[in-house]
Amino acid sequence: MSVHKDRVVLAYSGGLDTSVAIGWIGEQTGREVVTVAVDVGQGGEDLDVIRRRALDCGAVEAYVADAREEFAEDFCMPALKANALYENTYPLVSALSRPVIAKHLVKAAREFGATTVAHGCTGKGNDQVRFEVAITSMAPDMDCISPVRDLALTRDVAIEYAEKHDLPIETTKHNPFSIDQNVWGRAIETGFLEDLWNAPTKDVYVYTDDPTYPPLPDEVILTFEGGIPVAIDGKSVTPLEAVQEMNRRAGAQGVGRIDTVEDRLVGIKSREIYEAPGAVALIEAHRALEAVTLERLQRRYKRQMEQVWSDLVYEAQWYSPLKQSMDAFIEDTQKYVSGDIRMVLHGGRATVNGRRSESSLYDFELATYDTGDSFDQSSSRGFIEIYGMQSKLAAARDVRMGQGTGF
Ligand code: ARG
């Protein structure tokens, strides 16, 4: 394959900024532009339409990929196994999609002989870091640029450029928010939400209905195998179908609306509205199944891992060695996370009310207070004696040293 030293691969959304970026990068760098559009469930236009527009705007090649299955299987499912919530709140929607888009960017760069990858991120957010760190973690020889950040492509310049060159793209429609959407959820920021006191208005939400006026409760049975959902109400589903179906059902009950102020990697605090009904309901169910199938210390240690894993993924470390090692640990914990979880979706909440599993560690005969109890209560006496020994010795010393608690 011949290597075109003069080619740039551009992460292309089909919108105004990246459409202008095709010609803009060409002018500023003297290189040819290959666009890459990846469907991760952001909705909107057909990939063929986006491909056509890229070529009409001057791209020499336009790569498109429907990556929804891949995204659900290889990115959302690991996040589910990790019960991943950044700052105990955010299901990592955007943080999960950048690494899969980056994978296709690198693939296209190799295929079309590009040495530089460009993306439409600003210099203020996490996404620029996620793209660039992911790209160079897979392809250390690759250069990265951002036309908005590095080539002074502001919004006004973009509108002017599009009009001057008569690009086939609308320049008048201006969304009041910055929105990032995929199969795992939606992120909404900027506009009037930048005032922390302003409550989000109804038009912000797409995946969820208002939880204040829910329809009748919806009971659902989720079947897991090895930590991932394989059936809903007895009907087999792929990971993608599981997330989509739970987005629909939990979304109808207003589950998964999040209004938060989060700490970005670049040191800025930002107001974020998220909606992730499927992710939130699935994580809740998955946790409930882990509660009956994971051994106590394994589960306790995994909880700490989950936080570190979420921080790493949020902070652009998807392809890092530490994250990969943690994946191996988490994967190992999932081998018995199989069984059914029953949950009620209603009024913004997903509440677990039943669990059953062949690989459960719950022992009815140990737990019961009724007849049939097999737990030898007499052995607890000696256990407590030894278990509390050190604290008892310390308390006795305090008394001896005149530091007693006074009781
Ligand atoms: N703050 C969130 C994150 O860092 C959402 C980012 C959304 N991205 C966007 N371009 N609107 O993951």
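Going by the structure above, here's the rest.
To keep things clear, this report deals only with the structure shown in the data block. (Residues numbered from 1 in each chain as written. Predicted model: local features only at pLDDT ≥ 70, side-chain atom pairs only at ≥ 80, totals over all residues. Heavy atoms only, no water.)

1. Regarding the packing of aromatic side chains
Phase 1: A full pass over the atoms with the stated rule returns 10 aromatic pairs.
Phase 2: Look at Trp-24 and Tyr-161: their rings are 5.8 Å apart centre to centre, the planes differ by 80°, and that puts the pair in the edge-to-face class. Here Tyr-161 lies in helix α7 (residues 155–164) and Trp-24 lies in helix α1 (residues 16–29), a separation of 137 residues in the sequence. Across the pair, exposure class does not vary: Trp-24 and Tyr-161 are buried alike.
Phase 3: Between Phe-71 and Phe-75, the ring centres sit 6.3 Å apart and the planes meet at 25°, which makes this aromatic pair stacked. Remark: Phe-75 and Phe-71 occur in helix α3 (residues 68–81); sequence separation between them is 4 residues, near one turn of the helix. Accessibility assignment for this pair places Phe-71 and Phe-75 in one class, buried.
Phase 4: Counting every residue linked through ring pairs, the aromatic cluster contains Phe-71, Phe-75, Trp-309 and Trp-318. (Phe/Tyr/Trp six-rings, centres within 6.5 Å; stacked < 30°, edge-to-face > 60°. Helix = DSSP H or I, 4+ residues; strand = E, 2+ residues; numbered from the N terminus. Buried < 20%, exposed > 50% of the residue type's maximum accessible area, 1.4 Å probe, protein only.)

2. Looking at the packing of helix α9 (residues 277–293) against helix α10 (residues 296–314)
Phase 1: Between α9 and α10, whose axes approach to 11 Å, the crossing angle comes to 150°. Considered as vectors, α9 and α10 are oriented roughly antiparallel to each other. Contacts from His-286, Glu-290 and Ala-291 in α9 reach Arg-299, Lys-302 and Glu-306 in α10.
Phase 2: Of the residues belonging to the contact of α9 with α10, the class tally is 1 nonpolar, 1 polar and 4 charged. (Axes fitted to C-alpha atoms, helices over the stretch in contact; angles between N-to-C directions. Parallel < 35°, antiparallel > 145°, perpendicular 65-115°, else oblique. Contact = heavy atoms within 4.5 Å. Nonpolar A, V, L, I, M, F, W, Y, C, P; charged D, E, K, R; others polar.)

3. Some remarks on empty space enclosed by the protein
Phase 1: Per the counting criterion, the structure on display carries 2 cavities of 30 Å³ or more.
Phase 2: The volume enclosed by the largest cavity comes to roughly 40 Å³.
Phase 3: As for the largest cavity, its lining consists of Leu-10, Asp-17, Thr-18, Ala-21, His-119, Gly-120, Pro-147, Val-148 and Leu-153.
Phase 4: Examining the composition of the lining of the largest cavity, we find that 3 residues originate from one element, α1, more than from any other.
Phase 5: Residues belonging to the lining of the largest cavity are distributed by class as follows: 5 nonpolar, 3 polar and 1 charged.
Phase 6: Estimated volume of the second largest cavity: approximately 30 Å³.
Phase 7: In terms of lining residues, the second largest cavity is bounded by Ala-95, Pro-99, Arg-130, Ala-134, Val-313, Ala-316, Gln-317 and Trp-318.
Phase 8: For the lining of the second largest cavity, the elements supplying multiple residues, two or more each, are α4 (93–112) and α5 (127–138).
Phase 9: When its residues are assigned to classes, the lining of the second largest cavity shows 6 nonpolar, 1 polar and 1 charged. (1 Å grid on protein atoms, 1.4 Å probe; cavity = no way out; pocket = protein on both sides within 12 Å on 5 of 7 lines; lining within 4 Å. Points joined across faces, edges and corners; volume = space filled by probe spheres on them.)

4. A few points about the layout of surface pockets
Phase 1: The space that makes up the second largest pocket amounts to roughly 210 Å³.
Phase 2: Around the second largest pocket sit Asn-83, Leu-85, Asn-88, Arg-287, Glu-290, Leu-294, Arg-299, Lys-302, Arg-303, Glu-306, Gln-307 and Ser-310, which together line it.
Phase 3: For the lining of the second largest pocket, the elements supplying multiple residues, two or more each, are α9 and α10.
Phase 4: Top element by residues in the lining of the second largest pocket is α10. It accounts for 6 residues.
Phase 5: Looking at side-chain class alone, the lining of the second largest pocket contains 2 nonpolar, 4 polar and 6 charged residues.

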